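Listed below are the residues making up each chain.
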Amino acid sequence: MTEDLFVAHRSLLFTVAYEMLGSAADAEDVLQESWLRWADVDRSQVREPRAYLVRIVTRQALNRLRTVSRRREEYVGEWLPEPLLTSPDVADDVELAESVSIAMLTVLETLGPTERAVFVLREVFEMPYGEIAEATGKSAGAVRQIARRAREHVAARRPRVQVSRSEQQAVVERFLAALRTGELQELLEIMAPDVVMIADGGGIVAAALAPIHGAEEVARLLARAKRVVTELELTTVWLNGAPAGRIEFDGEPAAVSLEVENGRIARIYVVRNPRKLTRLDEQAELAR
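Predicted, not measured: the structure shown is a model, and the values here were computed from it.

Undergrad: Quick question: what am I supposed to make of the pairing of strand β3 (residues 232-239) here?
TA: Taken residue by residue, a regular strand's side chains alternate between the two faces of the sheet. Examined bridge by bridge, β3 and strand β4 (residues 242-249) share 8 bridges and lie antiparallel to one another. Each bridged residue has a counterpart across the sheet, and for Leu 234 the counterpart in β4 is Ile 247. Hairpin connection of β3 to β4: 2 residues between the antiparallel strands, including Asn 240 at a positive phi of 50 degrees.

Undergrad: Explain the side chain of Ser 99 to me, please; I cannot follow it from the model alone.
TA: Along the chain, Ser 99 falls in helix α5 (residues 94-99). According to the relative accessible area criterion, Ser 99 is buried, its value standing at 5%. Looking at Ser 99, its side chain comes within polar contact range of the side chain of Glu 19, at 2.8 Å. At 2.8 Å, the side chain of Ser 99 and the backbone oxygen of Leu 96 are in polar contact. Look past the residues within four positions of Ser 99 in its chain and what remains in contact with it is Glu 19, Met 104, Leu 105 and Val 124.

Undergrad: Please clarify how the sheet that holds β3 should be interpreted in this entry.
TA: If you walk across this open sheet you meet the 6 strands as β2-β1-β6-β5-β4-β3, and the pairing is mixed. In this open sheet, the two strands that pair with only one neighbour each are β2 (212-213) and β3. Two strands pair when backbone bridges link them, and strand β1 (residues 191-200) and β2 are joined in this way by 2 bridges, in the antiparallel orientation. In the strand pairing of β2, Val 196 is matched with His 213. Across the sheet, helix α10 (residues 165-181) lies against β1, β3, β4, β5 (252-261) and β6 (264-271), angled at about 170 degrees from β3, the strand it touches most.

Cut-offs used in this document
- Along each chain, the written sequence defines residue order, and numbers are assigned to residues from 1.
- The predicted nature of this model means local features are confined to residues of pLDDT at least 70 and side-chain atom pairs, given and counted, to a pLDDT of 80 or more, with totals for whole chains, interfaces and linings taken over all residues.
- Note that water and hydrogens are dropped before the side-chain values are worked out from all heavy atoms of the structure.
- Strands were regarded as paired on the criterion that DSSP finds at least two bridges between them.
- Put simply, DSSP marks the helices as runs of H or I at least four residues long and the strands as runs of E at least two long, and each gets a number from the N terminus on.
- Only protein chains enter the accessibility calculation, which uses a 1.4 Å probe; a residue is then buried when its area is under 20% of its type maximum, exposed when over 50%, and partly exposed in between.
- Side-chain atoms alone can form a polar contact between residues adjacent in sequence; in general such a contact is a pair of N or O atoms within 3.5 Å, and within protein one must be able to donate a hydrogen while the other accepts it.
- Should any heavy atoms of two residues lie within 4.5 Å, those residues are considered in contact.
- Lines fitted to C-alpha atoms define the axes, with helix axes restricted to the stretch in contact, and inter-axis angles between N-to-C directions lie between 0 and 180 degrees.

Set out below in structure tokens:
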């Protein structure tokens, strides 16, 4: 029974941990720690297994988040969330797809650990304030205040425009086609003038250490990639609930997610850190 209940809610629990941490590897560690604690629980005292399991995972994720937050301060270059291969079905739940998008997870990185937990549990999973209070060790009144501040913080930084999956896919395909030719003008035409590119190499592979601003600078850098690699493979894939790109630079993988506004690219997120690309061939099961 213990195992069945945990397994039944595993996709939900993984999604909670992943949204709090932005890392599938850390989320899996949290689930393992949570399972060990769940195995010792007297189930006869548990009235709502789903809520109880979410509380366990939230507490473990908060502990992990406080630890990794200190590690991320020493990270080489820009830190981006770990991309996940997902099915197109994830996009059917618009709120879930937005909450796991690379753009949103990057915004959530600007919240403190408790603010992030409260935001995720309230705004994504619609948990009652009382349950969130139990999970975070705060009073219900404090949780309400934290939730309000977190909402305002995220609203000021989240993507301004939501686009349909067909528009997103069309822009991704145009972007990959422009990369394939390496033509500067084609790249410029698909980007907004104030586009920003953020790359994450983790100090392991080559990547810009700071965001690159402006269509001219970004396009020149991307056009150069075509000239300096021997083999360039580009594929449209579904990452974090949206069409995105998988790129192989001479056999080295990268994941590219785009933020689209008014038919043009506003932000480009490039993950090259190989430690964050181990799941590009394994579809993640997300739920809420």
